[in-house]
Amino acid sequence: GKSCLLDALRDEDWQEYESTHGINIESVEVVDPQSKTVITLNGWDFGGQRVYRPTHQLFFSAPAVYLVVWKPREGSQAGQVKEWIKLVKHREPDAKILVVATHGGPIDRQPDIDQHEIRTQFGRETVLAFFHVDSRPPDYDEELETWVGERTGIAQFRDEIAGVAMRLPEMGRTVPRKWQQVREELAASSESWMSYDEFVSFCTERGIDDGQVALFAKLSHTLGNLIHYDYDPVLRDVVILKPDWLATAISFVLDDGETRENSGLVNFERLGELWNNPQRDPQDRYPASVHPAFVRLMERFDLSYEVQLPQQDAPRTILISQLVPDARPESLPDWDEQPTAVDIEQVQICRIVDDRGQSATAEGLFYQLIVRLHKYSLGREDHHDSVHWQRGLMLDNDYNGRALLEHIGNDVKITVRAAFPETFLAMLTGEVKWLVENFWEGLRCEVTVPCAEPCDKQPGTALFEVGKLIAFKKKGLAEYPCFVSGCDQLQNIEGLLRNATTRFAPDAIQFDQFEEIMEEMKAIRQDVMGLDRRGL
C-alpha cells in the first residue's frame, strides 16, 4: 500500500498498483499545522521486495521522515515492521520514523501492534507515532467512475508528517536564490543524467559561480536532489538528475529471470538489452554511454564484480551477488570435517550488536563480503570454481590458508585452516569489522573466540570477546572465567588468544616448520653474500 499512500498524501485519484520497481519519487506538499509553513517534500516510494533492500540502503539519509507501512490483515510480523525499523535505524541512527497501518476502513481489520514494545526497543526519539489510515476514498461515484470522499486518517497523518519535517535539522536552511532556481529547473528537466562538464555549464550559464558548482553539487547530493560521486574517478563525470532513474536501472537487473537462473551471472551484452530495451517507455531506457557508469556504480556499492571465465572469447561478465544460490553446497572443496595433520584451525566469531549490546542484523552483509573479498575467491581464475551462497563463502589465500565464512544467526563465523592461519584470519576479521561499523551506523562488531579444550561441558559453546581477554592479560591474569550457565571452567587466556582449537602434534609441526625456515634463511644469506663479494 505504499504507492497508494503516496497518492493519498498528494491528493491524487485512487488507483491500484503492481509492485514498485526500485524507487519511485514524487513531490508531496504539506503544511505545518503550527507555523502554517508550506513544505515541499520528496516522497521516495521504495519497492518492498527483499532483493531491493541492500540497494535501498544506499539512498537512506538522516534529514528525512521515514514511513514504515504495513497492512493489518497481514499482521505486523508479515509486514516486517521491526525489520524495516532496524534497517533504517542501523543506516541512520538519528532517523525519525512514523509507523502507519493502511487499509483502515471500518470493515477492515484493526491494527494489532505492540506500540510499547516497539518504542521500548527502538526508542521514542526514533519511533515517533503510530497511525491507521485508508488510502482509498470511502465512496464510489458511478457517474464519475472514481472513488470520492475524505480518506480515513490521511489529513491527520499529513499534519504529523509536516510537524516532524519542520523539526528536521536541514529544514529552513537558506540557499542562494540562484541555487534554488537551478535546482527547480533541473528537477523539471526531461533529462535523467548529464556529464559533469554539461552540469557545470548548465549551472554557470544560470549565474552560479564556477567555484561554487562543486559545493552546489555536494549539497544537492546530500539532500537527495541528485547523485554525484565527486570522489570516484569513474563516477565523478556522471551527474544523475533523477535518483529513481538509477534505482530502476538496477532493479531491471535484479528482476531479470535469465540473470536469476544463472545465479547472478550476466554479461555486458545482456546488460545492454536490459538497460536499453526498445519495448520500454523512453524514460525507462538508458543509452549505452551511461552503461559503464552503471556497472561502476554497482561495483562501488559492492553489488557486483567482474568475473574471470576460462574461455578466451568469453564475453565480459559480472556477478550480481544478491542473486547467488541460497543453499549451501553439499560438499566444500578441500574442507574435511577435520583439518589435515599439517594445518592448524583457528576460529573467530564476529558478533554484530547494536548500541544496547543486543544481537542485530546487518542487512545484505554477505552480499557485500562476496564482492569485497572476491580477490580471494576460489574462482578468481575461473568463476566456475567459486564457492559462495547467500549465507556463506569459501576463500583461499595460497599459503596463508583456506577460509570458510558463515552467517550464523546475525553473527559471522570465520574459520581458517593453514600452517600459520593468523594472518588470513586477522585480515578477514578486520574486513568484516570495518564493513559492519562503517556501513551500518549504530552497529558494532565484537570479535570473539570460542572456548577450547579442556572443557567439562561443550567445547566451542562459550564465546570470549578478544578485547576483554587482552585487557585481562595486560593486568597479569592468566585465566578468564566462563560465564555459560552451569560451567565454572577457567580458560587459559593465552590459549584462547592463540585460538588453536584443533592442533595435531604441535611440537613436531613447529620444529619441522622452524627447520624449513632456517634452511631458507641460510640459502638467502648465501645468495646475499655472493652478490656482495661481486660488488653487486
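Residues numbered from 1 in each chain as written. Predicted model: local features only at pLDDT ≥ 70, side-chain atom pairs only at ≥ 80, totals over all residues. Heavy atoms only, no water.

Asker: Sorry if this is basic, but what is going on with the overall build of the chain here?
Answerer: Of the regular secondary structure elements, the chain holds 18 helices and 22 strands. Across the 536 residues of the chain, 46% fall into the buried class. Long-range pairs, those at least 24 residues apart, make up 63% of the contacts in the chain with a sequence separation of at least 6. Taken as a whole, the chain presents about 28500 Å² of accessible surface, with 47% of it coming from carbon and sulfur. (Helix = DSSP H or I, 4+ residues; strand = E, 2+ residues; numbered from the N terminus. Buried < 20%, exposed > 50% of the residue type's maximum accessible area, 1.4 Å probe, protein only. Contact = heavy atoms within 4.5 Å. Areas by Shrake-Rupley, 256 points an atom, 1.4 Å probe, with all protein chains shown as cover.)

Asker: Which parts of the structure should I look at to understand the sheet that holds strand E3 (residues 65–70)?
Answerer: Within a sheet, adjacent strands bond to each other through the backbone by hydrogen bonds, running parallel or antiparallel. In space, the 3 strands of this open sheet follow the order E3-E4-E5, with parallel pairing throughout. Pairing within the sheet leaves two strands with one partner each, and these edge strands are E3 and strand E5 (127–132). Ignoring which end each strand starts from, the neighbouring axes of this sheet average 20 degrees apart. The pairing of strand E4 (residues 96–101) with E5 spans 5 bridges and is parallel. When the bridges of E5 are listed, Leu98 appears paired with Ala129. (Pairing = 2+ DSSP bridges. Axes fitted to C-alpha atoms, helices over the stretch in contact; angles between N-to-C directions.)

Asker: It is not clear to me how a negative patch on the surface should be interpreted in this structure. Could you clarify?
Answerer: A contiguous patch of negative charge, built from Glu191, Asp197, Glu198 and Asp237, is present on the exposed surface. Tracing the backbone through its elements, the reader meets Asp197 in helix H8 (residues 196–205). Its relative accessible area of 55% is what places Asp197 among the exposed residues. (Patch = residues over 30% accessible without salt bridge, like charges linked within 9 Å, V, L, I, M, F, W, Y side chains within 5 Å. Salt bridge = Lys/Arg side-chain N within 4 Å of Asp/Glu carboxyl O. Lys, Arg positive; Asp, Glu negative; His and termini not counted. Charge placed at Lys NZ, Arg CZ, Asp CG, Glu CD.)

Asker: Is there a simple way to think about the pattern of salt bridges in this case?
Answerer: Proximity of charged atoms lets side chains of opposite charge pair with each other. Taken as a whole and judged by the stated rule, the model has 21 salt bridges. Two residues, Lys82 and Glu117, come together in a salt bridge whose shortest N-O distance is 2.7 Å. On the criterion of sequence distance, the pair formed by Lys82 in helix H4 (residues 81–91) and Glu117 in helix H5 (residues 115–122) is long-range, its members being 35 residues apart. A relative accessible area of 27% means that Lys82 is categorised as partly exposed. Via salt bridges that share partners, Asp256, Glu258, Arg270 and Glu273 belong to a single interconnected network.

Asker: I would appreciate a short explanation of the sheet that holds strand E10 (residues 265–267) in the present structure.
Answerer: Pairing within the open sheet is antiparallel, and its 3 strands lie in the order E10-E12-E11. Here the strands that pair on one side only, and so sit at the sheet edges, are E10 and strand E11 (304–306). Across the sheet, the axes of successive neighbouring strands diverge by a mean angle of 30 degrees, strand direction being ignored. Sheet topology places E10 next to strand E12 (residues 317–320); 3 bridges connect them, and they run antiparallel. Paired with Leu265 across the strands is Leu319, a residue of E12.

Asker: I keep staring at the nonpolar core and nothing clicks. Help me out?
Answerer: Within soluble globular proteins, side chains that are nonpolar generally end up buried alongside one another. In this structure, Ile85, Val99, Trp275 and Phe294 are the most contacted members of the largest nonpolar core, which totals 54 residues. Ranked by residues supplied to this core, first place goes to helix H10 (residues 243–254) with 8 residues. Beyond its immediate sequence surroundings of up to four residues, Val99 is in contact with Val68, Trp70, Val81, Ile85, Ile113, Val127, Ala129, Phe130 and Phe131. Listed in part, the 32 residues of the second largest apolar core include Phe366, Leu373, Phe424 and Leu435. (Core = buried A, V, L, I, M, F, W, Y, C linked by side-chain atoms within 4.5 Å.)

Asker: For this particular structure, what's the right way to read unusual backbone geometry?
Answerer: Most peptide bonds take the trans configuration, and most residues that are not glycine carry a negative phi. Even without being glycine, Ser263 reaches a positive phi, approximately 55 degrees. Position of Ser263 among the secondary structure elements: in the loop between helix H11 (257–261) and E10. Positive phi, close to 50 degrees, is recorded for Asp398, a residue that is not glycine. For Asp398, a relative accessible area of 54% gives the class exposed.

Asker: Got a minute to help me understand the side chain of Thr126 in this structure?
Answerer: Mapped onto the elements of the fold, Thr126 is located in the loop between H5 and E5. Within the structure, the side chain of Thr126 is placed 3.1 Å from the side chain of Lys89, a separation counted as a polar contact. Leaving out residues up to four positions away in the same chain, Thr126 has contacts with Lys89, Pro93, Ala95, Lys96 and Ile97. (Polar contact = N/O pair within 3.5 Å; in protein donor to acceptor, adjacent residues only side chain to side chain.)

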